[in-house]
Amino acid sequence: MSDRPPIVVQDLTMAYGSRVIQQGLNFQIQRGEIFVIMGGSGCGKSTLLRHLIGLQTPARGQVLIQGQDFWAAEEASRRLLQRQFGVLFQSGALWSSMTLNENVGLIIEQHCPELSPAEIAELAAFKLALVGLRGFDDYYPSEISGGMKKRAGLARALAMDPQILFIDEPSAGLDPISSKNLDDLILALRDSLGATVVMVTHELPSIFGIADRAVFLDAKTKTQLALGSPQDLLAHGQPQLREFLTRGQTEMEQQA
Ligand SMILES: Nc1ncnc2c1ncn2[C@@H]1O[C@H](COP(=O)(O)OP(=O)(O)O)[C@@H](O)[C@H]1O
Ligand SMILES: [Mg+2]
């Protein structure tokens, strides 16, 4: 493994047509860290995630993956870089007509068509066990809870042993306890797999619970307002950032 940071963002401007969403973004994501992209609704978090995984082209600037300029690379190299990614999208729905094992197995089959159905099913069962769903192989998505669906989505994202795991708003639609359990799972997976995790969230318990560092995108100025550990940002951040990090605090204290 190289010592290069898995992801470097340089002077990145993101836009839809002539509408700029964020400009001048600069940060590096270190190997093995849980890096959070945070900010209010509509500030460009999901858009940034799509830029990091090569689904959207920068209006300006670069995204380097393992030191390689993603968009300057040939198509074949880009595909190779993307093989290291596992992604759980915000809308990360499972295929409802397939069991959990089949949902994960389909991804494995697409990448490794040489494997037998039994080998694929065994690998899929292993991935489900990794996310705490041992024994749920034959369940259909409609038969399990929201938190378990997210876990199954994670198992699917982990199907090809990614070095970098991207997760968009994992706790959306989950109750606080399921959300906390999912955060604990993400932390455990980072520790056991040694993966780098890039997570989009605006949830304070997740940010303070598992983020090593975070970048805050400000919708008003369309810039990255701050970068650092949540604790440092809370202590030394700009007023609007501290407001973001302390909002609804009494609710949180009641839940804790
Ligand atoms: N496909 C698209 N075309 C045009 N505008 C978009 C598209 N997707 C998102 N946007 C706009 O870009 C801004 C950032 O969106 P998004 O990245 O989804 O924000 P977040 O994930 O932080 O809530 C929003 O104003 C949104 O309306
Ligand atoms: Mg979003």
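Figured I'd write up the structure that's included with this text. Within each chain, residue numbers correspond to sequence positions counted from 1 in written order. Whichever chain is written first becomes A and whichever ligand is written first becomes 1, with later ones labelled in order. Only residues with pLDDT of at least 70 get local features here, since the model is predicted, and only at 80 or more are side-chain atom pairs given and counted; chain-wide, interface and lining totals rely on the full set of residues. Excluded from the side-chain calculation are hydrogens and water; included are all heavy atoms of the structure.

### Observations regarding the site of ligand 1
Every residue near ligand 1 is listed here: Tyr16, Arg19, Ile21, Gly40, Ser41, Gly42, Cys43, Gly44, Lys45, Ser46, Thr47 and Arg50. By the criterion applied in these results, polar contacts are pairs of N or O atoms within 3.5 Å in which, for protein atoms, one can donate a hydrogen and the other can accept it, and in which residues neighboring in sequence qualify only through two side-chain atoms. Here an oxygen atom of ligand 1 sits 2.8 Å away from a polar atom, N or O, in the side chain of Arg19. Between an oxygen atom of ligand 1 and a main-chain N or O atom of Gly44, the distance comes to 3.0 Å. Within the complex, 61% of the 560 Å² of free accessible area of ligand 1 lies under protein. If even one non-hydrogen atom of a residue comes within 4 Å of a molecule or strand, that residue is called near it. Computed with a 1.4 Å probe, the accessible areas rest on the Shrake-Rupley method; for each residue, only the protein chains presented here act as cover.

### Focus: the packing of helix H3 (residues 100-111) against helix H4 (residues 117-130)
Note on definitions: angles span 0 to 180 degrees between N-to-C directions of axes, and those axes are lines fitted to C-alpha atoms, for helices only across the stretch in contact. Secondary structure follows DSSP: runs of H or I at least 4 residues long count as helices, runs of E at least 2 residues long count as strands, and numbering of each begins at the N terminus. Close contact between H3 and H4 brings their axes to 8 Å; oriented N to C, the two are set at 115°. By crossing handedness, the relation of H3 to H4 is classed as right-handed. Of the residues in H4, those touching H3 at Leu100, Asn101, Val104, Gly105, Ile108 and Glu109 are Ile120, Ala121, Leu123, Ala124, Ala125, Lys127 and Leu128. Think of it as three bins: nonpolar holds Ala, Val, Leu, Ile, Met, Phe, Trp, Tyr, Cys and Pro, charged holds Asp, Glu, Lys and Arg, and polar takes everything else, Gly as well. Residues of the contact of H3 with H4, tallied by class, amount to 9 nonpolar, 2 polar and 2 charged. Take the far helix as the reference: if the near one is turned anticlockwise from it by less than a right angle, the crossing is left-handed, and if turned clockwise, right-handed. We call two residues in contact whenever any of their non-hydrogen atoms come within 4.5 Å of each other.

### Quick word on the sheet that holds strand S10 (residues 223-228)
Within the open sheet, the 6 strands sit side by side as S6-S7-S8-S3-S9-S10. Their pairing is mixed. The strands lining the two open edges of the sheet, one partner per strand, are strand S6 (85-88) and S10. When the angles between neighbouring strand axes are averaged without regard to direction, this sheet yields 15°. DSSP calls a pair of strands paired once it identifies at least 2 bridges connecting them. Strand direction decides the pairing type here: strand S7 (residues 164-168) and strand S8 (residues 196-200), joined by 5 bridges, are parallel. Bridged to Ile167 within S8 is Met199. Strands in contact with helix H6 (residues 176-193) are strand S3 (34-38), S7 and S8; relative to S8, the strand with the most contacts, it is inclined by about 155°.

### What about the packing of H3 against helix H5 (residues 146-157)?
Here H3 crosses H5 at 25°, and the two axes come no closer than 8 Å. Between H3 and H5, the interaxial angle falls into the category roughly parallel. Of the two possible hands of crossing, H3 and H5 adopt the one that is right-handed. The residues of H5 that touch H3, namely those facing Leu100, Asn103, Val104 and Ile107, are Ala152, Ala155 and Arg156. Among the residues forming the contact of H3 with H5, the class breakdown is 5 nonpolar, 1 polar and 1 charged. Here the word oblique covers every angle except those under 35 degrees (roughly parallel), over 145 (roughly antiparallel) and from 65 to 115 (roughly perpendicular).

### Section: the layout of surface pockets
For cavity detection a 1 Å grid was placed over the protein atoms alone, and a set of points counts as a cavity when a 1.4 Å probe fits there but cannot get out; an open set counts as a pocket when protein lies on both sides within 12 Å along at least five of seven lines, with lining residues being those that have an atom within 4 Å of a point. Grid points are joined across faces, edges and corners, and a volume is the space filled by probe spheres set on the points. Reported here for the largest pocket is a volume of approximately 600 Å³. Lining the largest pocket are 22 residues; nearest its centre among them are Phe85, Gly86, Val87, Ile107 and His111. Put simply, the parts of the chain that give the lining of the largest pocket at least two residues each are helix H2 (75-82), S6, H3 and H5. Residue contributions to the lining of the largest pocket peak at 4 residues, all from S6. In terms of residue class, the lining of the largest pocket is made up of 12 nonpolar, 7 polar and 3 charged.

### Some details on H4
The span expected for a helix works out to 1.5 Å for each residue beyond the first. For H4, which comprises 14 residues, the first-to-last C-alpha distance of 20 Å matches the rise-based estimate of 20 Å (1.5 Å per residue) to within 8%. For every residue, the accessible area (1.4 Å probe, protein chains only) is compared with the maximum for its type, and the residue is labelled buried under 20%, exposed over 50%, or partly exposed between those bounds. Residues of H4 that are buried include every one of Ile120, Ala124, Lys127 and Leu128, and no others. All buried residues of H4 project into a common sector of 100° when viewed along the axis, lining one side. Looking at H4, the residues exposed on the side facing more than 90 degrees away from the buried face are Ala118 and Glu122. Its buried side turned inward, H4 meets H3 and H5. Regarding the arc, it is the one traced by the directions from the helix axis to the C-beta atoms.

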